[in-house]
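Letter by letter, the chains look like this.
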Amino acid sequence: MLDIRPITAFTDNYHWLLVDTATRQAAVVDPGDAAPVLAYLTQHSLQLVAILITHHHADHIDGIGTLLAKYGPLPVYGPATARIPQVNHAVQEGASLTLLGHSVEVLEVPGHTHEHLAYLSREPLAPGQGRALFCGDTLFAAGCGYMFEGTPPQMHASLQKLAALPPDTLIYCAHEYTLSNLRFAAAVMPHNTALHERQRVEAAKRERGEPTLPSTLALELATNPFLRCADPEVIAAAASVEALPERDPASVFGVLRRWKNRF
Ligand code: ZN
Ligand code: FE
(Lines give C-alpha, C1' and ligand atoms only; values in the text may rest on other atoms or scores of the structure.)
(Ligands and ions follow the chains in the order given, each with its own letter.)
Protein backbone atom coordinates (compact mmCIF):
# COMPACT_ATOMS: atom_id res chain seq x y z
CA MET A 1 0.00 0.00 0.00
CA LEU A 2 1.24 3.45 -0.97
CA ASP A 3 0.13 6.96 -0.05
CA ILE A 4 0.01 9.40 -2.94
CA ARG A 5 0.53 12.97 -1.86
CA PRO A 6 0.35 16.17 -3.89
CA ILE A 7 3.34 18.49 -3.69
CA THR A 8 2.35 21.86 -5.10
CA ALA A 9 4.96 23.68 -7.17
CA PHE A 10 5.14 26.84 -9.28
CA THR A 11 1.66 28.28 -9.70
CA ASP A 12 -0.38 25.20 -10.60
CA ASN A 13 1.85 22.10 -10.88
CA TYR A 14 1.53 18.94 -8.82
CA HIS A 15 4.63 16.82 -8.28
CA TRP A 16 2.98 13.57 -7.15
CA LEU A 17 4.88 11.81 -4.39
CA LEU A 18 4.33 8.08 -3.85
CA VAL A 19 5.15 7.14 -0.27
CA ASP A 20 5.65 3.73 1.30
CA THR A 21 4.88 4.61 4.90
CA ALA A 22 6.30 1.31 6.20
CA THR A 23 9.78 1.73 4.69
CA ARG A 24 9.75 5.59 4.53
CA GLN A 25 10.75 5.36 0.86
CA ALA A 26 9.29 7.61 -1.80
CA ALA A 27 9.18 8.18 -5.54
CA VAL A 28 8.26 11.40 -7.31
CA VAL A 29 6.61 12.05 -10.66
CA ASP A 30 7.75 15.02 -12.79
CA PRO A 31 9.74 17.09 -10.27
CA GLY A 32 9.99 20.40 -12.08
CA ASP A 33 10.96 22.16 -8.86
CA ALA A 34 13.22 20.36 -6.40
CA ALA A 35 12.67 22.77 -3.50
CA PRO A 36 9.16 21.77 -2.37
CA VAL A 37 10.02 18.08 -2.92
CA LEU A 38 13.18 18.33 -0.80
CA ALA A 39 11.28 20.22 1.89
CA TYR A 40 8.56 17.56 2.02
CA LEU A 41 11.00 14.63 2.06
CA THR A 42 13.05 16.21 4.83
CA GLN A 43 10.06 17.21 6.92
CA HIS A 44 8.58 13.69 6.72
CA SER A 45 11.89 11.79 7.01
CA LEU A 46 11.48 10.10 3.64
CA GLN A 47 14.17 8.66 1.37
CA LEU A 48 13.73 9.32 -2.35
CA VAL A 49 14.40 6.11 -4.32
CA ALA A 50 13.07 6.77 -7.85
CA ILE A 51 11.92 9.48 -10.26
CA LEU A 52 9.34 9.10 -13.03
CA ILE A 53 9.20 11.54 -15.95
CA THR A 54 6.30 11.93 -18.39
CA HIS A 55 7.80 14.47 -20.81
CA HIS A 56 10.61 16.96 -21.31
CA HIS A 57 9.02 20.30 -20.38
CA ALA A 58 10.96 22.33 -17.82
CA ASP A 59 8.13 22.34 -15.27
CA HIS A 60 8.41 18.52 -15.19
CA ILE A 61 12.18 17.93 -15.23
CA ASP A 62 14.12 20.92 -13.90
CA GLY A 63 14.30 19.58 -10.34
CA ILE A 64 15.88 16.23 -11.27
CA GLY A 65 19.50 17.37 -10.96
CA THR A 66 19.11 18.80 -7.48
CA LEU A 67 17.26 15.69 -6.26
CA LEU A 68 19.98 13.39 -7.67
CA ALA A 69 22.69 15.52 -6.03
CA LYS A 70 21.03 14.98 -2.65
CA TYR A 71 19.79 11.38 -2.93
CA GLY A 72 22.57 9.92 -5.05
CA PRO A 73 22.30 7.74 -8.12
CA LEU A 74 18.64 6.78 -8.55
CA PRO A 75 16.63 5.25 -11.34
CA VAL A 76 15.11 8.05 -13.44
CA TYR A 77 12.44 6.54 -15.70
CA GLY A 78 11.26 8.42 -18.76
CA PRO A 79 11.00 8.41 -22.54
CA ALA A 80 14.07 7.73 -24.67
CA THR A 81 14.85 11.21 -25.94
CA ALA A 82 17.91 13.45 -25.99
CA ARG A 83 15.61 16.15 -24.60
CA ILE A 84 15.77 14.53 -21.13
CA PRO A 85 19.45 13.68 -20.57
CA GLN A 86 18.79 12.86 -16.87
CA VAL A 87 16.74 9.76 -17.80
CA ASN A 88 18.87 6.67 -17.09
CA HIS A 89 16.10 4.05 -17.47
CA ALA A 90 14.44 4.79 -20.81
CA VAL A 91 11.07 3.04 -21.09
CA GLN A 92 8.51 2.60 -23.82
CA GLU A 93 4.98 1.32 -24.46
CA GLY A 94 4.29 -1.92 -22.61
CA ALA A 95 7.33 -1.74 -20.36
CA SER A 96 6.95 -2.66 -16.71
CA LEU A 97 8.84 -1.17 -13.85
CA THR A 98 8.80 -1.91 -10.17
CA LEU A 99 8.25 1.11 -8.01
CA LEU A 100 8.32 0.76 -4.22
CA GLY A 101 7.38 -2.90 -4.65
CA HIS A 102 4.49 -2.19 -7.02
CA SER A 103 4.33 -2.99 -10.71
CA VAL A 104 3.78 0.00 -12.99
CA GLU A 105 3.03 -0.16 -16.70
CA VAL A 106 4.18 2.37 -19.30
CA LEU A 107 1.81 3.85 -21.90
CA GLU A 108 2.89 6.04 -24.81
CA VAL A 109 0.48 8.96 -25.20
CA PRO A 110 1.88 11.34 -27.85
CA GLY A 111 0.24 14.68 -28.59
CA HIS A 112 1.25 17.23 -25.94
CA THR A 113 4.79 16.22 -26.90
CA HIS A 114 5.97 13.46 -29.24
CA GLU A 115 7.44 11.28 -26.49
CA HIS A 116 4.89 11.83 -23.74
CA LEU A 117 4.44 8.81 -21.42
CA ALA A 118 1.85 7.87 -18.81
CA TYR A 119 2.39 5.45 -15.92
CA LEU A 120 -0.34 3.10 -14.71
CA SER A 121 -0.15 0.94 -11.60
CA ARG A 122 -1.05 -2.68 -12.37
CA GLU A 123 -2.94 -2.98 -9.10
CA PRO A 124 -4.60 -0.44 -6.80
CA LEU A 125 -1.99 1.26 -4.63
CA ALA A 126 -4.37 1.32 -1.66
CA PRO A 127 -7.23 -1.04 -0.73
CA GLY A 128 -10.62 -0.17 -2.18
CA GLN A 129 -9.23 2.18 -4.81
CA GLY A 130 -8.82 1.95 -8.56
CA ARG A 131 -5.47 1.74 -10.27
CA ALA A 132 -3.43 4.95 -10.33
CA LEU A 133 -2.64 6.75 -13.60
CA PHE A 134 0.04 9.44 -13.76
CA CYS A 135 -0.65 11.13 -17.07
CA GLY A 136 1.38 14.37 -16.94
CA ASP A 137 -0.03 16.94 -19.37
CA THR A 138 -2.08 14.57 -21.55
CA LEU A 139 -5.42 14.10 -19.79
CA PHE A 140 -6.37 16.84 -17.33
CA ALA A 141 -9.38 16.96 -15.03
CA ALA A 142 -12.18 18.15 -17.35
CA GLY A 143 -9.67 18.92 -20.10
CA CYS A 144 -6.52 17.87 -21.92
CA GLY A 145 -3.06 19.23 -22.55
CA TYR A 146 -2.11 21.78 -25.17
CA MET A 147 -1.15 20.04 -28.41
CA PHE A 148 2.41 21.33 -28.83
CA GLU A 149 3.72 18.61 -31.12
CA GLY A 150 1.05 16.11 -32.10
CA THR A 151 -1.83 16.10 -34.56
CA PRO A 152 -5.51 15.96 -33.54
CA PRO A 153 -5.87 12.29 -34.58
CA GLN A 154 -2.75 11.39 -32.61
CA MET A 155 -3.74 13.21 -29.43
CA HIS A 156 -7.30 11.94 -29.72
CA ALA A 157 -5.98 8.37 -30.00
CA SER A 158 -3.83 8.92 -26.90
CA LEU A 159 -6.84 10.15 -24.93
CA GLN A 160 -8.94 7.23 -26.20
CA LYS A 161 -6.25 4.84 -24.97
CA LEU A 162 -6.66 6.33 -21.48
CA ALA A 163 -10.47 6.39 -21.82
CA ALA A 164 -10.44 2.60 -22.30
CA LEU A 165 -8.91 1.97 -18.85
CA PRO A 166 -11.16 0.79 -15.99
CA PRO A 167 -13.62 3.54 -14.96
CA ASP A 168 -12.38 3.54 -11.37
CA THR A 169 -8.84 4.43 -12.48
CA LEU A 170 -7.58 7.39 -10.46
CA ILE A 171 -6.30 10.25 -12.59
CA TYR A 172 -3.24 12.06 -11.25
CA CYS A 173 -2.42 14.75 -13.80
CA ALA A 174 0.29 17.37 -13.42
CA HIS A 175 -1.65 20.65 -13.20
CA GLU A 176 -4.52 22.18 -11.26
CA TYR A 177 -6.45 23.52 -14.27
CA THR A 178 -9.78 22.01 -13.29
CA LEU A 179 -11.95 25.08 -12.71
CA SER A 180 -10.93 26.83 -15.93
CA ASN A 181 -11.32 23.54 -17.83
CA LEU A 182 -14.82 23.19 -16.38
CA ARG A 183 -15.76 26.67 -17.64
CA PHE A 184 -14.83 25.59 -21.15
CA ALA A 185 -16.59 22.24 -20.71
CA ALA A 186 -19.76 24.09 -19.71
CA ALA A 187 -19.58 26.18 -22.90
CA VAL A 188 -19.33 22.96 -24.93
CA MET A 189 -21.93 20.96 -22.95
CA PRO A 190 -24.42 23.42 -21.41
CA HIS A 191 -26.98 20.64 -20.82
CA ASN A 192 -24.66 18.15 -19.12
CA THR A 193 -26.03 17.84 -15.58
CA ALA A 194 -23.09 15.78 -14.28
CA LEU A 195 -20.86 18.66 -15.37
CA HIS A 196 -22.91 21.23 -13.46
CA GLU A 197 -22.67 19.10 -10.33
CA ARG A 198 -18.93 18.71 -10.84
CA GLN A 199 -18.46 22.48 -11.15
CA ARG A 200 -20.09 22.91 -7.76
CA VAL A 201 -18.06 20.14 -6.10
CA GLU A 202 -14.67 21.20 -7.53
CA ALA A 203 -15.22 24.91 -6.79
CA ALA A 204 -15.92 23.99 -3.16
CA LYS A 205 -12.67 21.97 -2.99
CA ARG A 206 -10.67 24.94 -4.26
CA GLU A 207 -12.38 27.26 -1.78
CA ARG A 208 -11.20 24.91 0.96
CA GLY A 209 -7.69 25.02 -0.54
CA GLU A 210 -7.83 21.34 -1.57
CA PRO A 211 -6.64 19.83 -4.85
CA THR A 212 -9.40 18.72 -7.22
CA LEU A 213 -7.24 15.65 -7.95
CA PRO A 214 -7.16 12.78 -8.25
CA SER A 215 -10.17 12.52 -10.47
CA THR A 216 -11.61 9.23 -11.66
CA LEU A 217 -11.86 8.10 -15.24
CA ALA A 218 -15.63 7.60 -14.75
CA LEU A 219 -16.01 11.29 -13.88
CA GLU A 220 -13.88 12.30 -16.87
CA LEU A 221 -15.93 10.11 -19.21
CA ALA A 222 -19.08 11.88 -17.97
CA THR A 223 -17.84 15.48 -17.92
CA ASN A 224 -14.67 15.94 -20.00
CA PRO A 225 -15.60 17.16 -23.49
CA PHE A 226 -12.30 15.89 -24.93
CA LEU A 227 -13.36 12.33 -24.01
CA ARG A 228 -16.88 12.89 -25.39
CA CYS A 229 -16.17 13.60 -29.05
CA ALA A 230 -18.97 11.21 -30.08
CA ASP A 231 -21.57 12.90 -27.83
CA PRO A 232 -24.22 14.62 -30.03
CA GLU A 233 -24.14 17.69 -27.77
CA VAL A 234 -20.36 17.98 -28.23
CA ILE A 235 -20.54 17.40 -31.98
CA ALA A 236 -23.23 20.10 -32.33
CA ALA A 237 -21.17 22.56 -30.27
CA ALA A 238 -18.06 21.87 -32.37
CA ALA A 239 -20.03 22.34 -35.59
CA SER A 240 -21.30 25.69 -34.29
CA VAL A 241 -17.79 27.17 -33.98
CA GLU A 242 -16.04 25.74 -37.05
CA ALA A 243 -17.04 24.08 -40.30
CA LEU A 244 -17.06 20.36 -39.55
CA PRO A 245 -17.52 18.37 -42.76
CA GLU A 246 -16.20 15.18 -41.16
CA ARG A 247 -18.00 14.45 -37.90
CA ASP A 248 -15.66 11.68 -36.80
CA PRO A 249 -14.40 11.94 -33.21
CA ALA A 250 -10.84 12.94 -34.17
CA SER A 251 -12.12 15.88 -36.25
CA VAL A 252 -14.46 16.92 -33.42
CA PHE A 253 -11.49 16.71 -31.07
CA GLY A 254 -9.44 18.99 -33.35
CA VAL A 255 -12.18 21.63 -33.33
CA LEU A 256 -12.51 21.45 -29.54
CA ARG A 257 -8.76 21.77 -29.02
CA ARG A 258 -8.54 24.87 -31.28
CA TRP A 259 -11.64 26.37 -29.62
CA LYS A 260 -10.15 25.87 -26.17
CA ASN A 261 -6.94 27.63 -27.28
CA ARG A 262 -8.84 30.87 -27.91
CA PHE A 263 -11.47 30.46 -25.16
ZN1 ZN B 1 4.04 20.02 -20.54
FE1 FE C 1 3.30 20.97 -17.53
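The structure this text deals with has already been given above.
The sections below set out a description of the structure shown in this document. (Residues numbered from 1 in each chain as written. Chains lettered and ligands numbered in written order. Predicted model: local features only at pLDDT ≥ 70, side-chain atom pairs only at ≥ 80, totals over all residues. Heavy atoms only, no water.)

Digging into the coordination of the zinc ion (ligand 1)
We apply this condition: Ligating atoms shown are N, O and S within 2.8 Å of the metal, or 3.2 Å for Na, K and Ca, and water is not included, meaning a site may look less than complete. Between 85 and 135 degrees for all angles marks four donors as tetrahedral; over 155 degrees for opposite donors together with 65 to 115 for all other angles marks four donors as square planar and six as octahedral; every other arrangement is irregular. Helix and strand assignments follow DSSP, with helices taken as H or I runs no shorter than four residues and strands as E runs no shorter than two, numbered in order from the N terminus. Think of it in three bands: with a 1.4 Å probe and only protein chains considered, a residue is buried below 20% of the maximum accessible area for its type, exposed above 50%, and partly exposed in between.
Around the zinc ion (ligand 1), the protein contributes the donor atoms H55 (NE2), H57 (ND1), H112 (NE2) and D137 (OD), which lie 2.2 to 2.3 Å from the metal centre. Around the zinc ion (ligand 1), the four donor atoms are arranged such that angles at the metal cover 86 to 174 degrees; this shape is classified as irregular. Between the two metal centres, the zinc ion (ligand 1) and the iron ion (ligand 2), the spacing is 3.2 Å, with D137 acting as a shared donor. Pair noted here: H57 is in the loop between β4 (47–52) and α2 (58–61) and H112 is in the loop between β8 (102–108) and β9 (117–121), with a separation of 55 residues, a long-range link. The exposure classification of H57 matches that of H112, with both residues buried.

A word on the nonpolar core
Counted only if it meets this: Residues enter a nonpolar core if they are buried and are Ala, Val, Leu, Ile, Met, Phe, Trp, Tyr or Cys, with the set joined through side-chain atoms within 4.5 Å. Contacts: residue pairs with any heavy atoms within 4.5 Å of one another.
One finds L18, L97, Y119, L133 and F134 to be the most contacted residues of the largest nonpolar core, which totals 64 residues. Those residues in contact with L18, other than ones at most four positions away along the chain, are L2, D3, I4, Q25, A26, A27, V29, L99, L100, L125 and F134. Grouped together as the second largest cluster of nonpolar side chains are 22 residues, I7, V19, L38 and V87 included.

Concerning the packing of helix α8 (residues 232–241) against helix α9 (residues 249–262)
Filter applied, for reference: Fitted lines through C-alpha atoms give the axes, limited to the stretch in contact for helices. The angle between two N-to-C directions lies from 0 to 180 degrees. Note on terminology: angles under 35 degrees are roughly parallel, angles over 145 are roughly antiparallel, angles of 65 to 115 are roughly perpendicular, and the others are oblique. Should the near helix be turned anticlockwise from the far one by less than a right angle, the crossing is termed left-handed; should it be turned clockwise, right-handed. Three classes are used, and their members are as follows: Ala, Val, Leu, Ile, Met, Phe, Trp, Tyr, Cys and Pro are nonpolar, Asp, Glu, Lys and Arg are charged, and the others, Gly among them, are polar.
Contact geometry of α8 with α9 gives a least axis separation of 9 Å together with a crossing angle of 60 degrees. With respect to their mutual orientation, α8 and α9 come out oblique. The element α8 and its partner α9 pack so that their crossing is left-handed. Taken together, the residues of α9 that come into contact with α8 (itself represented by V234, I235, A237, A238 and V241) are V252, V255, L256, W259 and R262. The residue makeup of the contact of α8 with α9, split by class, is nine nonpolar, no polar and one charged.

Let's talk about the pattern of salt bridges
We apply this condition: Here, a salt bridge means any Lys or Arg side-chain nitrogen found within 4 Å of an Asp or Glu carboxyl oxygen.
A complete count under the given rule lists 14 salt bridges for this structure. Across the pair R206 and E176 runs a salt bridge, and its minimum N-O distance is 3.9 Å. You can see R206 sitting in helix α6 (residues 193–207) and its partner E176 sitting in the loop between β13 (170–173) and α5 (178–188), a full 30 residues away along the chain. Note on E176: relative accessible area 12%, which makes it buried. For R200, the salt bridge identified is with E197, shortest N-O distance 2.8 Å. On the criterion of helical spacing, the pair formed by R200 and E197 is a turn pair, its members being three residues apart in helix α6. In the salt-bridge network here, residues are joined through shared partners; they are R198, E202, K205 and E220.

Quick look at the coordination of the iron ion (ligand 2)
Octahedral metal centres with six donors ideally show angles of 90 or 180 degrees, and tetrahedral centres with four donors ideally show 109.5 degrees. Around the iron ion (ligand 2), the donor atoms from the protein are D59 (OD), H60 (NE2), D137 (OD) and H175 (NE2), and they sit 2.1 to 2.4 Å away. One can describe the site at the iron ion (ligand 2) as irregular: its four donor atoms subtend angles covering 84 to 169 degrees at the metal. With a relative accessible area of 4%, H175 lands in the buried category.

Examining unusual backbone geometry
Omega for the peptide link from L213 to P214 comes to 0 degrees, which places this bond in the cis form. Along the chain, the position of P214 falls in the loop between α6 and β14 (215–216). For R24, which is not glycine, the phi torsion reads 65 degrees and is therefore positive. Relative to the helices and strands, R24 resides in the loop between β2 (13–20) and β3 (25–29). For D30, which is not glycine, the phi dihedral falls at a positive 55 degrees. Positionally, D30 belongs in the loop between β3 and α1 (34–43). You can call D30 buried: its relative accessible area is 2%.

Here we look at the sheet that holds strand β10 (residues 132–136)
Hydrogen bonds between backbone atoms are what pair the strands of a sheet, whose relative direction is either parallel or antiparallel. Rules: Paired strands, in this sense, are two strands between which DSSP finds at least two bridges.
The six strands are arranged β7-β8-β9-β10-β13-β14 in an open sheet whose pairing can be described as mixed. Every other strand in the sheet has two partners, leaving β7 (96–99) and β14 as the edge strands with one partner each. Bridge count between β13 and β14: two bridges; the pairing is antiparallel. Looking at the pairing, L170 lines up with T216 of β14.

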